[in-house]
Amino acid sequence: MGDWSVTAVESGSLVVAAAVALLAGLVSFFSPCVVPLLPGYLSYVSGMTAAEVAADEKSVRQRGRLFAGAALFVLGFSAVFVSYGVLFGSIGLELRAYERPISIVMGIVVILLGLAFMGFVPLLQRDVRIHAVPSVGLAVAPLLGVLFAIGWTPCIGPALGAVLGLAYTEGTAGRGAFLTFVYCVGLGIPFLLAALAFSRFARATMWVRRHQRAISLVGGGLLVVVGVLLVTGLWGQLMVELTSWVGSFRPVV
């Protein structure tokens, strides 16, 4: 594990891909199918009413219950998404001999996902939601996280799909898992912050909701750029140069 950690830190490609994955997770949270429904999510995973979730005054027990529910919910969807990363990373390792043509295909897919994220491909923006929700409470919070990951994947799919594409290009199960874990960090931290201070968090997200279209355009544009780099082969060249630069760097002290 220690050797893999050192390799991961010294890998320029993984550093850049992780930054993209983190941003993709944050943008996914602020998508129209997540942040507007935040009170409902927190209500289900904690067993509290929506009014109790939104109330400024909460007991220590209520705050602890809300945070625990959110944390278990995040763990639930993280387990699903990280398993996706392991799968795509493993596939990338097995298909190294066909790296260039598959990279072109993956780049095209990422470009389409980026355009979908910007709202230019309506067909790819439909979500298939699971409406049969089990009884509320902490005990089922991880299961709700799993259902969220499966049922809302088409909705947050453009950002997640791009991260999985990068997981494939990294070519190992470990790196694929790491990238999707970083994506889950970007998607999950806002849930935890909202659980800690929902009222203040809700006020803070009002600006984001007012500028949601601009955020979608910027996030989608970033995915398109990554896709173009994959198609042209510039991504690989850039990562080789960056990895060489990072690997040759030595601290002064």
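Residues numbered from 1 in each chain as written. Predicted model: local features only at pLDDT ≥ 70, side-chain atom pairs only at ≥ 80, totals over all residues. Heavy atoms only, no water.

The chain is annotated in an unreviewed UniProt entry as Cytochrome c biogenesis protein CcdA of Mumia zhuanghuii. UniProt, in its Sequence similarities (unreviewed entry) section for the chain, records the words "Belongs to the DsbD family." Database annotation for the chain, UniProt heading Subcellular location (unreviewed entry): "Membrane". (UniProt positions renumbered as here; feature names shortened; annotations may be inferred.)

A.B. asks: Give me the UniProt feature "transmembrane region" (unreviewed entry) in the chain: which residues, what numbers.
C.D. replies: Following the UniProt record, the feature "transmembrane region" (unreviewed entry) maps to residues 12-38, 66-90, 102-124, 136-168, 180-202 and 214-235 here. Secondary structure across residues 66-90 comprises 100% helix and 0% strand; the distance between its end C-alpha atoms is 36 Å. (Helix = DSSP H or I, 4+ residues; strand = E, 2+ residues; numbered from the N terminus.)

A.B. asks: Provide a residue-level description of the packing of aromatic side chains, including the pertinent values.
C.D. replies: Under the defined criterion, the tally for this structure stands at nine aromatic pairs. Pairing Phe73 with Phe77 gives two aromatic rings, centres 5.6 Å apart and planes at 80 degrees, and the pair type is edge-to-face. Residue Phe73 and its partner Phe77 are both found in helix α5 (residues 60-94); the two are separated by four residues, about one turn of the helix. Grouping residues by exposure puts Phe73 and Phe77 together as buried. Residues Phe81 and Tyr183 carry aromatic rings whose centres are separated by 5.8 Å and whose planes lie at 75 degrees to one another, so their mutual orientation is edge-to-face. Here Tyr183 lies in helix α9 (residues 173-196) and Phe81 lies in helix α5, a separation of 102 residues in the sequence. The class of Phe81 is buried, set by a relative accessible area of 0%. Aromatic rings pair up to connect Phe29, Tyr41, Phe73, Phe77, Phe81, Tyr84, Tyr183 and Phe191 into one cluster. (Phe/Tyr/Trp six-rings, centres within 6.5 Å; stacked < 30°, edge-to-face > 60°. Buried < 20%, exposed > 50% of the residue type's maximum accessible area, 1.4 Å probe, protein only.)

A.B. asks: How would you summarise the packing of helix α3 (residues 38-46) against α9 if you had to cite specific residues and measurements?
C.D. replies: Each pair of packed helices gets described by two things: the angle between the helix axes and the distance between those axes. Direction vectors running N to C along α3 and α9 enclose 75 degrees, while the axes themselves pass 11 Å from each other. Regarding the angle of α3 to α9, the classification is roughly perpendicular. Across the interface between the two elements, Leu38, Tyr41 and Leu42 of α3 pack against Phe191, Ala194 and Ala195 of α9. Of the residues belonging to the contact of α3 with α9, the class tally is six nonpolar, no polar and no charged. (Axes fitted to C-alpha atoms, helices over the stretch in contact; angles between N-to-C directions. Parallel < 35°, antiparallel > 145°, perpendicular 65-115°, else oblique. Contact = heavy atoms within 4.5 Å. Nonpolar A, V, L, I, M, F, W, Y, C, P; charged D, E, K, R; others polar.)

A.B. asks: Which residues make up the nonpolar core, and what values do they have?
C.D. replies: Soluble globular proteins tend to bury their nonpolar side chains together. Membership of the largest hydrophobic core comes to 50 residues, with the highest contact counts inside it found for Phe29, Leu42, Phe77, Phe81, Tyr183 and Phe191. Among the elements of the structure, α2 (12-29), α3, α5, α7 (141-151), α8 (153-170), α9, α10 (198-210) and α11 (212-232) are those that each provide at least two residues to this core. Sequence-distant contacts of Phe191, defined by excluding residues within four places in its chain, comprise Phe29, Val34, Leu38, Tyr41, Leu42, Ala70, Phe73, Val74 and Phe77. (Core = buried A, V, L, I, M, F, W, Y, C linked by side-chain atoms within 4.5 Å.)

A.B. asks: So what's going on with the environment of Leu143? Residues and values would help.
C.D. replies: With respect to the helices, strands and loops of the structure, Leu143 is situated in helix α7. Expressed as a C-alpha distance, the spacing of Leu143 and Phe73, which sit 70 residues apart in the sequence, is 7.4 Å.

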